[in-house]
Amino acid sequence: MKKILVIGSKGFIGTEAIRYFQSQGYAVTGCDITAGDNSTDYFQVESNEPNYNEIFRQARPDLCLNASGAASVPFSFDDPLIDYQLNVINVFKMLEAIRISNPKTIYINISSAAVYGTPSQLPVSEDADVDPISPYGWHKWQSELACSEYAKLYGLKTCSMRVFSAYGPGLNKQLFWDLHQKTREGNSIELLGTGDESRDYIFVEDLVRASETIAINAKLQGEVINVATGIETTIKNAAKSFIKTLGWDGRISFSGIKRMGDPENWCADISKLEMMGFKPKCSLESGMEVYCKWLQSLQQV
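These figures come from a predicted structure and were not determined experimentally.

Visitor: Looking at this model, I keep getting lost on the packing of aromatic side chains. Mind explaining?
Guide: A full pass over the atoms with the stated rule returns 16 aromatic pairs. Centre to centre, the rings of Tyr167 and Phe176 are 5.7 Å apart; their planes meet at 80°, and the pair counts as edge-to-face. Each member of the pair, Tyr167 as well as Phe176, carries the same accessibility label: buried. With 6.3 Å between their ring centres and 45° between their planes, Phe242 and Tyr291 make a pair best called tilted. Placement of Phe242 in helix H8 (residues 235-246) and of Tyr291 in helix H10 (residues 284-299) is noted, with a sequence separation of 49 residues between them. Owing to a relative accessible area of 0%, Phe242 belongs among the buried residues under this scheme. In this structure Tyr291 comes out as buried when scored by relative accessible area, which is 1%. Cluster of aromatic residues (ring-pair linked, three or more members): Tyr167, Phe176, Trp177, Tyr201, Phe203, Phe242, Tyr291 and Trp294. Above the plane of the ring of Tyr154 lies Arg99, whose end atom (NZ or CZ) is 5.0 Å from the centre. Cation over ring: Arg199 sits above Trp266, and NZ or CZ is 5.3 Å from the ring centre.

Visitor: Looking at this structure, I do not really get the packing of helix H1 (residues 12-23) against helix H7 (residues 204-217). What am I missing?
Guide: For any two helices packed against each other, the geometry is given by the interaxial angle and the distance between the axes. H7 packs onto H1 with a crossing angle of 65° between their chain directions and a minimal axis gap of 9 Å. By the angle between their axes, H1 is roughly perpendicular relative to H7. Like other packed secondary-structure pairs, H1 and H7 cross with a definite hand, here right-handed. Where H1 abuts H7, its residues Phe12, Ile13, Glu16, Ala17, Arg19, Tyr20 and Phe21 lie against Val204, Glu205, Leu207, Val208, Arg209, Ser211 and Glu212.

Visitor: Sorry if this is basic, but what is going on with the nonpolar core here?
Guide: In summary, soluble globular proteins display a tendency toward joint burial of nonpolar side chains. If you look at the biggest cluster of nonpolar residues, it comprises 57 residues, and the most contacted ones within it are Phe21, Ile108, Phe176, Leu179, Ile214, Val227 and Phe242. For Leu179, the contacting residues outside a window of four places in its chain are Ile189, Leu191, Ala239, Phe242, Ile243 and Ile252. Within the second largest apolar cluster, 20 residues are counted, among which are Phe43, Ile55, Val91 and Cys147.

Basis of the calculations
Residue positions are given per chain, counting from 1 as you read along its sequence in written order. At least 70 in pLDDT is required for a residue's local features to be given in this predicted model, at least 80 for side-chain atom pairs to be given and counted, and no such filter applies to totals for whole chains, interfaces and linings, which use all residues. Computation of side-chain values covers all heavy atoms of the structure but excludes hydrogens and water. Ring pairs shown here join Phe, Tyr and Trp side chains whose ring centres sit within 6.5 Å, with only the six-membered ring taken for Trp; geometry is labelled stacked below 30 degrees between planes, edge-to-face above 60, and tilted in between. Any residue under 20% of the maximum accessible area for its type is buried, any over 50% is exposed, and the rest in between are partly exposed; the area is computed with a 1.4 Å probe on protein chains only. A run of H or I in DSSP becomes a helix once it reaches four residues, and a run of E becomes a strand once it reaches two; helices and strands are each numbered from the N terminus. Charges are assigned to positions over rings by a cutoff of 6 Å between ring centre and Lys NZ or Arg CZ, combined with an angular limit of 35 degrees from the ring normal. To get an axis, fit a line to the C-alpha atoms, keeping to the stretch in contact for a helix; angles then go from 0 to 180 degrees between the N-to-C directions. An angle counts as roughly parallel when it lies under 35 degrees, as roughly antiparallel when it exceeds 145, as roughly perpendicular when it falls between 65 and 115, and as oblique in every other case. Put simply, a crossing is left-handed when the front helix is turned counterclockwise from the back one by less than a right angle, and right-handed when it is turned clockwise. Whether two residues are in contact is decided by their heavy atoms: any pair within 4.5 Å suffices. Here the nonpolar core consists of buried residues drawn from Ala, Val, Leu, Ile, Met, Phe, Trp, Tyr and Cys, with membership extended through side-chain atoms lying within 4.5 Å.

Set out below in structure tokens:
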């Protein structure tokens, strides 16, 4: 595996994927909807009607990491059709382009733990029932089915990563970003929920390392693999640790109001990933330090 194509290369995960794979000596090509720098290692696609056929003909990647699409539960409720187009239709277009133009390409699709909804028991394994509670979760599940379809019917090498709560430099939404923004507004912060909700946080570099491990070691027959740390952390404890790392000494409270589509508790069974030799390198505490430094650097610009 020498050549890698990252679709969604300008986004949160895609940017880290470009950095990591280049650091490991791979020949990396990016692809996104924004203009590049006219270099030979970047392709721009149309946002409304992306055409990936020529990209796969020219790039001929050994691995394609799909880090594109919408990644917002509230947005999926507001505009489920656009979310479907970005998270399902575009995956079909990529798979079809691979089938026609470069069928030897390994295709790793970044899916989400949102397909589980609120699991009935933890840690949740890949064999657990799929029960999405948002359009986003439904659409990520359908993207997984597309990958399985092309693996079983056309022999493509595909796999979907069910990513839990990813965070790190470049992420400008979700809990830690929102906390940082609110600490600049006063000495008290109110968050949704009770604080007893839980997540399984994974640092973005570990996520990308996991994609490399999967590409090398997985069966690539349309299967799904949990990508997380296997450590459950309550929102309350995560928030307290974050503001401590940030150096903010205000007060956090919880409104008790639930946001539609948010699961109660998440913790992944990552034994399938561990059997491939993967171990997360970054603890939540050390990851927060890196993320906080990045957030503070934004204020200096």
